[in-house]
Structures are given as C-alpha cells and as structure tokens.
Amino acid sequence: MERYENRNLTMLTDFYELTMAGGYFENGLKDKIAYFDMFYRRNPDNGGYAIMAGVEQAVRYLQNLRFTDDDVEYLRKKGIFSNEFLDYIRSFRFSCDVWMVPEGTPIFPGEPIVTVRGPVIQAQFVETMILLCINHQCLIATKASRIARAADGRAVMEFGSRRAQGCDAAFYGARATYIGGCVGTACTIADREMGIPALGTMAHSWVQMFDSEEEAFRSYARLYPASCTLLVDTYNVLRSGIPNAIKIFNEELLPRGYRPAGIRIDSGDITYLSKKARKMLDDAGFPDCKICASNSLDEYIIKDMLLQGARVDSFGVGERLITSSSEPMFGGVYKLVAVEDSDGTITPKIKISENVEKITTPCFKKLYRLYDKDTNKAIADVITVADETIDDTQPYELFDPEHTWKRKTVDNYIAVELRKQYFKNGELCQELPPLANIRNYCKAGLNTLWDEVKRFENPHTYYVDLSKKLWDIKHSLLEQSKK
C-alpha cells in the first residue's frame with residue numbers, strides 16, 4: 001500500500017486555481033510575488049479557542065507538489081490552456097516561503113495561522129489543499145480538546161472510524177483527536193502509520209456468536225487475559241452482564257495471575273448503570289476493574305454524566321467526535337493580503353465587505369502572544385506588520401481593534417512570536433516534531449489559557465489586537481475605498 005504521506009495530490013484543487021493560474025501566466029504575472037493568509041472567523045461550537053492541526057499534512061503536500069504527464073494531458077484536453085502555460089506547469093517547482101503556527105497551539109479568530117509568499121500562480125494554487133488539511137484537523141482537534149476537558153482527567157478514546165466521512169477523514173481525524181487529547185484510537189492504520197495507540201475490545205456480535213454470554217466472556221478472557229475488557233450490555237447489564245463478567249474474572253483470570261482490565265457499557269442509562277456496576281465490582285473484590293462508557297457521547301453528555309455521579313473511568317467517543325457533528329465545518333479562508341514589487345516594496349491589499357467580519361487585515365504580518373511572567377497565562381495576541389518587533393522589556397499598550405477606546409497597558413510580560421517558517425524558497429526549513437510531542441505541546445498550551453476562555457458556555461473572549469501601525473494601514477485603506 002502506498003503510504004498516506006507520499007501521495008501526489010497536486011490535482012486535488014478547485015478548478016478556478018488552474019484557470020486563474022492560466023490567466024496570471026497570459027497576463028505576464030506568473031512571477032509577481034503575492035502574500036496569502038489563512039485565517040478563520042469563528043471558533044467551533046461557540047467556544048473560546050481552537051487548536052492548530054494539519055500542518056504536517058500541508059507540508060507533505062507542498063513537498064510532493066508537481067504535475068505529472070497525465071495531469072498535463074488532462075489539462076490539454078480541456079482545450080482552454082495555451083501550450084506555453086502547459087509547458088510552464090510541466091516544469092513546475094514549488095518555490096514559495098511558508099509560515100505557519102505550529103500544531104497543537106491554541107489559536108483564535110482573525111489570526112494569520114498560515115502565510116504563503118511567492119509567485120502568485122504558486123501561492124494561489126495551493127489554497128485548496130492548505131485549507132483542506134488545516135480546516136479538517138483544526139476542527140477535529142478542537143472537538144477532541146473539548147471532550148477531553150469534559151472528561152476531567154479520565155481517558156478518552158476515539159471510536160469513530162466507521163462514521164467518518166471517508167478514509168482520509170478517519171485516518172487524519174484520528175491524528176487530530178490524538179493532538180487534542182485522546183489517548184488512542186480504534187483506527188488500526190493510524191497506529192501502524194503514526195504510532196497512535198490502537199485500542200478496542202469486542203462488539204456485541206462477539207457475544208451473540210456464542211451460545212451464551214458467559215461462554216463468550218470465557219473465550220475472550222482465555223485469549224486476552226492481560227487486557228480483558230468485557231462488553232456487558234448485550235443482554236442485560238445488571239442481571240447478566242456484570243454477574244457473568246465477575247464469574248469469568250474469578251474463574252479465568254485470577255487463577256492465572258491476572259486482574260481484569262475493565263468492562264464497557266454501550267447503552268442504557270450509563271450514569272445509573274455505572275454506579276450499580278461499580279458497587280457490584282467492588283463488592284466482588286475488583287475495585288481496580290475500570291468502567292468504560294460509550295454510545296453517542298460528546299462533551300456535554302460527559303460533563304452531565306460526571307456531575308450526576310457517574311462512576312466511569314474512561315470514555316469511547318465515536319461519531320460526534322470524528323465528524324464534529326455539532327459544528328461540522330471549521331471555516332478557514334485564504335485571502336490575498338499583499339503584493340511585492342521587483343524592488344522589494346510590499347503593497348498591502350484588503351478585501352472590503354459590508355459584513356464587517358469579512359473585511360481582511362492587510363500586509364505581511366507577524367503574530368505575537370503575550371504571557372504574564374508571574375502566572376505564565378496568555379494575556380492577549382497581537383498581530384503586527386512584519387517589520388515590527390514587540391520589545392517585552394518595555395510596557396505595551398493593547399487596544400481593541402473595533403472599540404479603540406478599550407485600552408490596557410501591560411508590563412512584566414513575555415512576547416513570543418507564534419509562527420515559524422516551514423519553507424524557504426520551496427525547501428522545507430523546519431523540523432517536524434513527533435506526534436507525541438505535538439500532543440504534549442497542545443496540553444501545555446491549553447494550560448496557559450484562563451479557565452474563563454475554556455468555558456463551554458459563554459466563554460470569555462480572548463483578545464486578538466492589532467498593532468497601532470497595522471491598524472493605521474488597515475483604516476487608511478478603508479478610507480481610500482470610500483473615495
């Protein structure tokens with residue numbers, strides 16, 4: 001099987017990327033340098049933050065970007081592209097500079113989480129796949145983070161492969177859930193390819209295949225004594241499932257020197273059943289036997305279950321996680337923000353709309369996060385023009401870009417530039433960290449956010465401010481548009 005990361009997905013693009021490329025070429029703009037930003041406008045589920053993910057897949061796509069002979073022949077048959085343009089793309093080599101926020105970083109609306117600088121044909125062409133990679137995994141990683149926080153330290157396993165929208169959604173969705181805080185996945189190929197722990201026990205069909213529930217449990221315990229977790233709700237959790245599980249633990253595991261790993265409840269009133277099951281297991285001498293809950297869970301159900309006293313040690317979460325069913329679209333966009341002349345002069349570009357949130361922020365930019373030195377909590381993010389540097393030895397005045405009278409001067413802070421350069425002249429220049437490191441980085445980043453920002457309901461708005469210089473440029477362009 002061809003490994004996922006080595007596929008050439010150059011033609012996975014919107015057709016208008018190609019028609020625009022042809023147009024730029026014919027109008028003598030193929031070497032014109034352009035700057036494009038990816039950003040998003042609203043957090044999923046009306047939450048207070050999102051999680052950056054999908055960077056590695058965007059990187060692999062850009063590394064493999066090339067047109068094959070079959071691609072060129074397909075475009076020739078469309079009958080709308082010149083031979084000169086087809087010759088150009090035949091020898092196409094990606095040569096852009098790319099900056100991105102590292103995976104696992106908490107991110108916020110309006111921030112340039114990706115910037116691509118390079119010849120406009122190239123910088124424009126990569127729009128579709130950059131959005132596809134980043135949008136999907138940001139969405140799922142954010143949902144996983146919310147669910148993991150609702151579990152309050154209890155393990156969350158991703159069980160959604162069969163409900164994902166296609167093979168890639170299952171595979172990369174598993175990756176995103178691991179970044180967001182899940183401990184493992186049911187998706188076996190994600191373990192083989194990426195090292196995400198593959199987890200799982202049995203389905204109800206296993207129990208139904210035997211003449212009795214007891215026989216099904218006994219057979220499984222004999223096969224997997226060191227990791228024996230039994231699904232106890234095929235028939236009746238309290239009248240047969242738990243009693244049969246206890247019997248098998250005593251007869252098959254203890255005599256061979258093993259302790260039970262757990263039981264799983266997949267239906268019914270899990271809060272009630274888990275309380276009863278916990279008492280039955282404790283009374284039988286198995287206080288160490290864990291209880292896993294599954295069955296259409298999400299962060300709200302998990303939170304309510306725990307508030308109601310559910311005795312659950314871990315959660316298996318499927319379709320509502322892998323599809324982010326409550327908010328199935330991330331909504332990142334990719335917009336032109338500047339062009340560069342041959343002498344290096346950068347001219348800002350702005351998109352204007354009557355819908356205020358769709359007005360873009362122009363210029364080639366930097367993104368800073370300010371941290372309080374005493375608490376290590378994030379104070380605010382600041383977007384600046386690329387030639388600006390925030391000097392954290394000096395006080396810095398923050399102001400709301402929309403309500404400029406809201407101002408705050410901060411001191412005793414550390415200013416950290418969030419984005420890293422991943423490509424220089426088309427060559428990868430940034431080491432990609434192991435997935436486990438990204439997961440740990442995400443956890444540490446979330447710890448820098450105040451709890452108020454992480455609330456599920458009516459979270460505090462985390463401020464993303466513009467520097468005075470950037471604000472002035474943006475509003476100057478807005479004023480010019482009125483003339």
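See above for the structure.
Engineer: For the side chain of glutamate 111, give the residues involved together with the corresponding values.
Structural biologist: Of note, glutamate 111 is situated in the loop between β4 (106–107) and β5 (114–119). One buried charged residue, glutamate 111, forms no salt bridge at all, with the nearest opposite charge on arginine 369 at 4.1 Å.

Engineer: Just give me the short version of the sheet that holds strand β3 (residues 97–100), but keep the residues and values in it.
Structural biologist: With antiparallel pairing, the seven strands of this open sheet are ordered in space as β13-β12-β1-β5-β3-β19-β20. Looking at the sheet topology across the chains shown, the edges are occupied by β13 (346–348) and β20 (427–428). Bridge analysis of strand β1 (residues 33–39) against β5 gives six bridges, and the strand direction is antiparallel. Pairing of isoleucine 33 across the sheet is with proline 119, part of β5.

Engineer: Run through the pattern of salt bridges, naming residues and quoting values.
Structural biologist: Side chains that differ in charge, positive against negative, can pair when their charged atoms come close. By the definition in use, this model includes 35 salt bridges. Glutamate 299 is the salt-bridge partner of lysine 143, the closest N and O atoms lying 2.9 Å from each other. Separated by 156 residues along the polypeptide, lysine 143 in helix α6 (residues 127–150) and glutamate 299 in helix α13 (residues 299–307) bring together distant segments of the chain. Each member of the pair lysine 143 and glutamate 299 is classed as buried. Glutamate 319 serves as the salt-bridge partner of arginine 163, at 3.3 Å between the closest nitrogen and oxygen. Of this pair, arginine 163 sits in the loop between β6 (155–158) and α7 (167–180) while glutamate 319 sits in helix α14 (residues 319–322), and the two are 156 residues apart along the sequence. Classification of arginine 163 by relative accessible area gives partly exposed; the value is 49%. One network of salt bridges, with partners in common, ties together Glu214, Arg218, Arg222, Lys247, Glu251 and Glu252.

Engineer: Before we move on, could you go through the packing of aromatic side chains and cite the residues and values that matter?
Structural biologist: Under the defined criterion, the tally for this structure stands at 21 aromatic pairs. Measuring from ring centre to ring centre gives 4.6 Å for tyrosine 40 and phenylalanine 330, while their planes differ by 35°; the resulting arrangement is tilted. Of this pair, tyrosine 40 sits in the loop between β1 and β2 (50–51) while phenylalanine 330 is found in the loop between α14 and β12 (333–340), placing the two residues 290 residues apart along the sequence. With respect to burial, tyrosine 40 and phenylalanine 330 carry one shared label: buried. Residues tryptophan 206 and phenylalanine 210 carry aromatic rings whose centres are separated by 5.0 Å and whose planes lie at 50° to one another, so their mutual orientation is tilted. Judged by its relative accessible area of 26%, tryptophan 206 falls in the partly exposed class. Clustering of aromatic rings is evident, with ring pairs tying together Phe15, Phe25, Phe81, Phe85 and Tyr88. The aromatic ring of phenylalanine 15 is capped on one face by lysine 78, whose charged end is 5.2 Å from the ring centroid. Positioned above the aromatic ring of tryptophan 450 is the side chain of lysine 377, whose terminal nitrogen or guanidinium carbon lies 5.7 Å from the ring centre.

Conventions we followed
Counting from 1, residues in each chain are numbered in the order their sequence is written. A pLDDT threshold of at least 70 governs which residues receive local features in this predicted model, and a stricter bar of 80 or more applies before side-chain atom pairs are shown or counted, although totals over entire chains, interfaces and linings include all residues. No hydrogens and no water enter the side-chain calculation; it runs on all heavy atoms of the structure. Only DSSP runs of H or I covering at least 4 residues are called helices, and only runs of E covering at least 2 are called strands; the numbering of each starts at the N terminus. Note on classification: 1.4 Å probe, protein chains only; a residue is buried when its accessible area is under 20% of the maximum for its type, exposed when over 50%, partly exposed between these limits. His residues and chain termini do not enter the charge count, which takes Lys and Arg as positive and Asp and Glu as negative. One speaks of a salt bridge when a side-chain nitrogen belonging to Lys or Arg is within 4 Å of a carboxyl oxygen belonging to Asp or Glu. Strands qualify as paired when DSSP identifies two bridges or more between them. Stacked, tilted and edge-to-face are the three classes applied to pairs of Phe, Tyr and Trp rings, where Trp contributes its six-membered ring and a pair requires centres within 6.5 Å; stacked means planes under 30 degrees apart, edge-to-face means over 60, and tilted covers the rest. Here, a charge over a ring means that NZ of Lys or CZ of Arg falls within 6 Å of the ring centre while also lying within 35 degrees of the ring normal.

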